[in-house]
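# Coordinates in review
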Amino acid sequence: MTLREFFLGNFAGDLEYHPRRAVIYVMLAVAVLCFWIFSAPEIKFTSIPLVFGLGSFSLLLKGIFLLRKSSEGLGLTSSELADLADASNRKNLPSLPNQAAQIVQDFGVGSLLLWPVLNAGKDIDHSWINPPRVPVFLTGVVPFSLGWLIRHLTSAPPEHS
């Protein structure tokens, strides 16, 4: 497995059209964003509330991508499209612990990938001299790693032929 395949599988491996999962992701994003919004003003821009704010953005983005219909049915004949829609040809969803671990991992991705956005906060609010970039990044590593570990411990073993 190359490094590219590893990151693609961890960040975008489950981006398929699943409206129910998308609703869950959007509701969780709103709940997590509420934690940041309703934090006390004096702690709103410390590392933990910022991790929640950035994590809500990644959950919302993933929810939007899960609402996007894929193009796998384009160019197929009506019989091929009917075969594709058949329940026996559908991909099985992972187990509930695996899906929960994916949500935790996606939450951690927000602060892992979006911590450079904190530099823009310095430009908006000049009184914010030293944004907690490194603590936000390191705090995001924890849920990402925990989700990755749980996903790999709960995933089905590879089938041998």
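Along each chain, residue indices are assigned from 1 in the same order as the chain's sequence is written. It should be noted that, the model being predicted, local features are given only for residues of pLDDT at least 70 and side-chain atom pairs only at 80 or more, the latter also being counted only at that level, while totals for whole chains, interfaces and linings use all residues. Only hydrogens and water are set aside when side-chain values are computed; all heavy atoms of the structure are taken into account.

## With respect to the overall build of the protein
We count it as follows: The way it works is that DSSP assigns letters per residue, a run of H or I at least four long becomes a helix, a run of E at least two long becomes a strand, and they are numbered from the N terminus. Whether a residue is buried, partly exposed or exposed follows from its accessible area with a 1.4 Å probe, protein chains only, as a fraction of its type maximum: under 20%, in between, or over 50%, in that order. Surface accessibility follows the Shrake-Rupley procedure with a 1.4 Å probe radius. Residue values consider only the protein chains on display as shielding.
Across its full length, the protein holds seven helices and zero strands. Order of helices (α) and strands (β) in the protein, N terminus to C terminus: α-α-α-α-α-α-α. Split into buried and exposed, the 161 residues of the protein put 30% on the buried side. Counting only carbon and sulfur atoms, one obtains 69% of the accessible surface of the protein, whose full area is about 10,800 Å².

## Topic: the packing of aromatic side chains
As a reminder, the rule being used: By convention, a stacked pair of Phe, Tyr or Trp rings (six-membered ring in the case of Trp) has centres within 6.5 Å and planes under 30 degrees apart, an edge-to-face pair has planes over 60 apart, and any other such pair is tilted.
In total, this model carries four aromatic pairs according to the counting rule given. When the centroid spacing of 4.2 Å and the interplanar angle of 40 degrees are considered together, the rings of Phe35 and Phe52 count as tilted. With Phe35 in helix 2 (residues 19-37) and Phe52 in helix 3 (residues 47-67), the pair connects residues that are 17 residues apart, well separated along the chain. Between Trp36 and Phe45, the aromatic rings sit 6.0 Å apart at their centres with planes inclined by 80 degrees, giving edge-to-face as the arrangement. In this structure Phe45 comes out as partly exposed when scored by relative accessible area, which is 41%.

## So, the nonpolar core
Across soluble globular proteins, nonpolar side chains show a tendency to be buried alongside one another. The condition is simple: Buried Ala, Val, Leu, Ile, Met, Phe, Trp, Tyr and Cys residues that are joined via side-chain atoms within 4.5 Å together make up what is termed a nonpolar core. Residue contacts are counted whenever heavy atoms from the two residues lie within 4.5 Å of one another.
Counting 15 residues, the largest nonpolar core has Tyr25, Leu50, Leu59, Phe107, Leu118 and Val136 as the members making the most contacts within it. Residue assignment for this core shows that the elements contributing at least two residues are helix 2, helix 3 and helix 5 (96-114). Apart from the residues lying within four places of it in its own chain, the contact partners of Leu50 are Trp36, Lys44, Phe45, Leu118, Trp128, Pro132 and Val136.

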